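Chain residues, written in single-letter form:
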Amino acid sequence: MIINTANLNLYYHKFQALKNVNMSIKRNLITGMIGPSGCGKSTLLRIFNRMNDLIEGVRITGSVLIDNDDIYAPVYDLILLRKRVGMVFQRPNAFPLSIFDNIAYGPRVWSISDKKTLTEIVERSLAAVDLFDDLKDDLRRPALSLSAEKQQRLCIARLLAVEPEILLMDEPCSALDPIATGKIEELMLDLKKKYTIIIVTHNMQQAARIADEVGFMLLGELVEFDTAKTVFTNPKDKRTFDYISGRFG
Amino acid sequence: MKDKIAEKLLLFIAFSAILSLSLITFFIFQQGIPLIFKAGLGNFFSLRWAPTRGGFGILSMVVGSLMVTIGALAVGIPFGLAGAIFLAEFSSSTIQKTLKPVIELLAGIPSVVFGFIGIVILVPFIREIFGGPGFSVLAASIILGIMILPTIVSISYDALLAVPKTYREGSYALGATKWQTVVMVLLPAARSGIVAGIILGMGRAIGETMAVIMIAGNALKIPGSILDSVRTLTSTIALELGYAAGDHRAALFACGSILFLIIIFLNIIATRITNRK
Ligand SMILES: Nc1ncnc2c1ncn2[C@@H]1O[C@H](COP(=O)(O)OP(=O)(O)OP(=O)(O)O)[C@@H](O)[C@H]1O
Ligand SMILES: [Mg+2]
């Protein structure tokens, strides 16, 4: 177990977006979160690196433990949490800087300024997302000149550069075509050896292809959480069955 | 029918505006440029300004204009940027909504008021602390720097707000603090807007007349230090046009033409930079 939530509730002002969520996420697995639009998948994901803190009027009750530390405890170091738990966004959000500066961003935030160390980190991170051979001579190019798929890879590389333990991915392929999606999925399967991945996806096939465990959410509730096999072939809850068999959503 | 008339009327008004601007431009150049060639470029860009006795050198005034402009930027850029960053990133939306219009209102204060404050407070202060006449490059730079603050703050603020939210999120998600996010992502991303604001402020500084006449001292020489008095192109035109005649008058128009060219040049650069993504 790496992440545990207990009786987790989240309110946007009066509106309750997460209802009593209890789940355990295991190390070095890919956990997929599925459910219809607006059910709270992104909200749940943003719980784990406390990105919801940036939104005005958010109130959270219950507990979220990572390695048995309560990440919402007042003494918990938020900045350190963001280093341990990295996030890839729905649309690639490479900064309007060079490829090198994008990947060196995290390490620089963490006060690494030695040129040689930075270069090593940049090269290692690019290699980890299979971009190094493509870009090794172009590190000074603006990152925004890359294709969407490569930008998304770059964003993953930027994340790996700070050596996180957990990767949160919020529909990382929704801006990509099927071929690029396939490549990113391969990359995730490769990354799972070293990292724990939680991915939100609209796409049930994608969850079935890559996730080890799957959570199904509906209207802020975690309806079902089990191995991918069970959820997709033998769901316990009727609502899960209806969703995966395409009755709604 | 009514629409047609309104349309024609608007068109007519728009054309009159453009026409009068073109006429002014044409008039300034037509009055000024011939003198530059009559006097010769060597004379025109020399130090000897004695326009009633054939000396048409504007060099010390060009240098004067550039010095107070650079001085104004040295004051205006750091304070203006700091103000914009504070407003855009470190203050609540209530503060933003109150402070931004107030700052923009500052742009409407007549320059004679700034000049007056300069004479009453700043000039004596400089004279006492640093010595010298007090009427100086330094005094003009500080007052002009304050006068261009609204331009720099409000344009830089807009540029910072226009930076997509996703950049901020990406930066915070990597563990960056607010300040790191500002320095490492937001400022680079907003750079073109900020530079445009600075250049517009620069145009305002170089064209400012009244405040400068009141506090710069207007001595006709290249200043040796920032405590020396200085005269700008705009001051010369305003001070001398009242009694100038003949070639002297033409020489003032030539000063105007040069000023005009400098400002057009700055505006072109500003538009170029803003349009570039
Ligand atoms: N900042 C916010 N303020 C108020 N309500 C919000 C906010 N963000 C999300 N919500 C609401 O919370 C609910 C859950 O939103 P969330 O974005 O987590 O859903 P999602 O499952 O990720 O949906 P999608 O699949 O469309 O991305 C929605 O009803 C949404 O309207
Ligand atoms: Mg979402």
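The preceding data block contains the structure.
In short, a report on the structure. All values reported here derive from a predicted model rather than from experimental measurement.

## Topic: the packing of helix H3 (residues 99-109) of chain A against helix H4 (residues 115-128) of chain A
Residues and elements named next belong to chain A.
Part 1 of the argument: Interhelical geometry of H3 versus H4 gives an angle of 115° and a closest axis separation of 9 Å. Comparing the axis directions of H3 and H4 gives the class roughly perpendicular. Like other packed secondary-structure pairs, H3 and H4 cross with a definite hand, here right-handed. Across the interface between the two elements, Phe100, Ile103, Ala104, Pro107 and Arg108 of H3 pack against Lys115, Leu118, Thr119, Ile121, Val122, Ser125 and Leu126 of H4.
Part 2 of the argument: Grouping the constituent residues of the contact of H3 with H4 by class yields eight nonpolar, two polar and two charged.

## Thoughts on the packing of aromatic side chains
Part 1 of the argument: Using the criterion set out here, one finds seven aromatic pairs over all chains in the structure.
Part 2 of the argument: On the basis of an interplanar angle of 50° and a centroid distance of 4.7 Å, the ring pair of A:Phe95 and A:Tyr105 is categorised as tilted. A residue pair is termed long-range when its members are at least 10 positions apart, and A:Phe95 in the loop between strand S6 (85-88) and H3 and A:Tyr105 in helix H3 qualify at 10 residues. Each member of the pair, A:Phe95 as well as A:Tyr105, is classed as buried.
Part 3 of the argument: Consider the rings of A:Phe95 and B:Tyr167, whose centres lie 6.3 Å apart with planes at 80°: the pair is edge-to-face. On the criterion of chain membership, the pair formed by A:Phe95 in the loop between S6 and H3 and B:Tyr167 in helix H7 (residues 165-173) is interchain, its members lying in two chains. The pair A:Phe95 / B:Tyr167 is uniform in exposure class, with both members buried.

Calculation rules
- Position numbers for residues count from 1 along each chain, tracking the sequence in the order it is written.
- Written order decides the labels, with chains lettered from A and ligands numbered from 1.
- With pLDDT at 70 or above as the cut-off, local features in this predicted model cover only qualifying residues; side-chain atom pairs require 80 or more to be listed or tallied, and sums for whole chains, interfaces and linings still use all residues.
- Just so you know, side-chain values use all the structure's heavy atoms and leave hydrogens and water out.
- In this analysis an axis means a line fitted to C-alpha atoms, helices contributing only their contacting stretch, and an angle means the value between N-to-C directions, from 0 to 180 degrees.
- Under the DSSP-based scheme used, a helix requires at least four consecutive residues in state H or I and a strand at least two consecutive residues in state E, with every element numbered from the N terminus.
- Oblique is the label for any angle not covered by the other classes, which are roughly parallel (under 35 degrees), roughly antiparallel (over 145) and roughly perpendicular (65 to 115).
- Handedness of a crossing follows from how the near helix is turned relative to the far one, being left-handed for an anticlockwise turn of less than a right angle and right-handed for a clockwise one.
- Any two residues whose heavy atoms approach within 4.5 Å are treated as being in contact.
- The nonpolar class holds Ala, Val, Leu, Ile, Met, Phe, Trp, Tyr, Cys and Pro. Asp, Glu, Lys and Arg form the charged class, and all remaining residues, Gly among them, are polar.
- Working definition: rings of Phe, Tyr and Trp (its six-membered ring) pair if their centres are within 6.5 Å, and the pair is stacked with planes under 30 degrees apart, edge-to-face with planes over 60 apart, and tilted otherwise.
- Between buried and exposed lies partly exposed: a residue is buried under 20% and exposed over 50% of the maximum accessible area for its type, with that area taken using a 1.4 Å probe on protein chains only.

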